[in-house]
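Below are the chains, spelled out letter by letter.
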Amino acid sequence: MNSMLRKSILGVAGLAFTGGVFAGPIAAHAAEPTQAAPVAVQAAKPDMSALIPHGVQGAQSKIDLNGEQVASVKAIIAATKKAGLPERAAVISIATSLQESKLENLGHLGDRNDHDSLGLFQQRPSSGWGSPEQITDPEYATTAFLKGLKQVDGWQDMPLTKAAQTVQVSAYPDAYAQWEQQAADLVAQYWNS
């Protein structure tokens with residue numbers, strides 16, 4: 001066989017091989033079910049130094065949360081993300097709600113009620129926070145709180161208690177600080193869930 005014909009036959013054989021003549025056995029092998037181990041994608045947890053940039057102030061309090069309270073945490077985080085604010089805003093919001101209501105969406109408490117305060121943040125309809133229906137909606141209440149927070153110049157660089165107090169105007173301005181560690185832990189746990 002001359003060398004030109006031989007090169008042509010080998011060239012066609014090579015194209016046939018790479019083009020799929022042998023695809024039957026290879027494809028049959030590939031069609032066998034495989035057991036691939038699931039790959040867990042772990043979202044990065046927020047940086048604790050960004051969540052608590054000034055360190056905690058004073059003694060810290062902590063409560064165990066029930067399902068309703070965890071749902072409140074998730075609602076606050078979702079509203080914070082929707083508002084386009086960073087994790088620090090969620091820490092301030094959760095610490096505020098921990099102080100005001102222990103993350104419980106409180107309705108009117110009768111004689112135990114502080115004026116007309118309602119909801120997660122104990123916002124008052126008479127102070128312009130919204131209607132009772134609005135401020136007992138966790139998303140609305142959080143959005144209203146965050147709107148107030150955004151109006152505080154330099155809130156990102158303030159100690160938590162000062163930022164929260166500027167929005168809330170509480171009779172106990174330093175009380176928010178005791179919840180900073182738990183609020184930061186909750187944001188770290190639920191921000192990416």
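The rules behind these values
Residues numbered from 1 in each chain as written. Predicted model: local features only at pLDDT ≥ 70, side-chain atom pairs only at ≥ 80, totals over all residues. Heavy atoms only, no water. Salt bridge = Lys/Arg side-chain N within 4 Å of Asp/Glu carboxyl O. Helix = DSSP H or I, 4+ residues; strand = E, 2+ residues; numbered from the N terminus. Buried < 20%, exposed > 50% of the residue type's maximum accessible area, 1.4 Å probe, protein only. Phe/Tyr/Trp six-rings, centres within 6.5 Å; stacked < 30°, edge-to-face > 60°. Lys NZ or Arg CZ within 6 Å of the ring centre and 35° of its normal. Expected span 1.5 Å × (residues − 1). Contact = heavy atoms within 4.5 Å. Axes fitted to C-alpha atoms, helices over the stretch in contact; angles between N-to-C directions. Parallel < 35°, antiparallel > 145°, perpendicular 65-115°, else oblique. Left-handed = near helix turned anticlockwise from the far one by under 90°. Nonpolar A, V, L, I, M, F, W, Y, C, P; charged D, E, K, R; others polar. Core = buried A, V, L, I, M, F, W, Y, C linked by side-chain atoms within 4.5 Å. Polar contact = N/O pair within 3.5 Å; in protein donor to acceptor, adjacent residues only side chain to side chain.

Considering the pattern of salt bridges
So, point 1. Tallied over the full model, the rule gives two salt bridges.
So, point 2. Linking E139 and K82 is a salt bridge whose minimum nitrogen-to-oxygen distance equals 2.8 Å. Of this pair, E139 sits in helix α7 (residues 138-150) while K82 sits in helix α4 (residues 67-82), and the two are 57 residues apart along the sequence.
So, point 3. Given a relative accessible area of 65%, K82 falls into the exposed group.
So, point 4. Its salt-bridge partner being R88, residue E180 comes within 2.8 Å of it at the nearest N-O pair. Note that E180 is positioned in helix α9 (residues 180-190) and R88 in helix α5 (residues 87-101), a separation of 92 residues in sequence.

Remarks on the packing of aromatic side chains
Between two aromatic rings, the relevant description is the distance of the centres plus the angle of the planes.
So, point 1. The full count for this structure, using the stated rule, is one aromatic pair.
So, point 2. Its end group placed over the ring of W191, K81 keeps NZ or CZ at 5.0 Å from the ring centre.

Things to note about α7
So, point 1. Taking 1.5 Å per residue as the helical rise, α7 with its 13 residues ought to reach 18 Å, and the 18 Å between its terminal C-alpha atoms agrees with that figure.
So, point 2. Within α7, burial applies to A141, T142, A144, F145, L146, G148 and L149.
So, point 3. Each element contacted by the buried residues of α7 is listed here: α4, α5, α6 (132-135) and α8 (160-168).

A word on the packing of α5 against α9
So, point 1. α9 packs onto α5 with a crossing angle of 130° between their chain directions and a minimal axis gap of 8 Å. The angle between α5 and α9 falls in the class oblique. As α5 packs across α9, the resulting crossing turns out to be right-handed. Contact residues: α5 offers E87, R88, A90, V91, I94, A95 and L98, while α9 offers E180, Q182, A183, A184, L186 and V187.
So, point 2. Split into classes, the residues belonging to the contact of α5 with α9 amount to nine nonpolar, one polar and three charged.

A short note on the nonpolar core
Generally speaking, soluble globular proteins have nonpolar side chains that are buried together.
So, point 1. Core analysis: the biggest nonpolar cluster contains 42 residues, and I92, I94, L149 and W155 have the highest contact counts within it.
So, point 2. Secondary-structure elements contributing two or more residues to this core are α4, α5, α7, α8 and α9.
So, point 3. Counting residues per element, this core draws most heavily on α5, which supplies seven residues.
So, point 4. In contact with W155, other than residues within four places in its own chain, are L85, P86, R88, A89, I92, L149, K150 and A163.

Considerations on the environment of N192
So, point 1. Within the secondary structure, N192 is located in the segment after α9.
So, point 2. Among the residues examined, N192 registers a relative accessible area of 41% and is labelled partly exposed.
So, point 3. Along the backbone, N192 and I77 are 115 residues apart, and their C-alpha atoms lie at a distance of 9.5 Å.

A word on the side chain of Q122
So, point 1. Along the chain, Q122 turns up in the loop between α5 and α6.
So, point 2. Here the side chain of Q122 touches G119 through a polar contact of 3.1 Å, landing on its backbone oxygen.
So, point 3. Ignoring sequence-local partners within four residues, the contact set of Q122 consists of E100, L106 and S117.

A closer look at the side chain of S93
So, point 1. Structurally, the position occupied by S93 is in helix α5.
So, point 2. What S93 contacts, discounting residues up to four positions off in sequence, is I76, F121, F145 and L146.

Quick notes on α8
So, point 1. Across the nine residues that make up α8, a large majority, seven, are buried.
So, point 2. If you follow the buried residues of α8, they end up packed against α5, α7 and α9.
So, point 3. Where α8 terminates, the next one or two residues include V169, which has phi positive at roughly 55°.

Everything listed is a geometric property; what it means functionally is a separate question.
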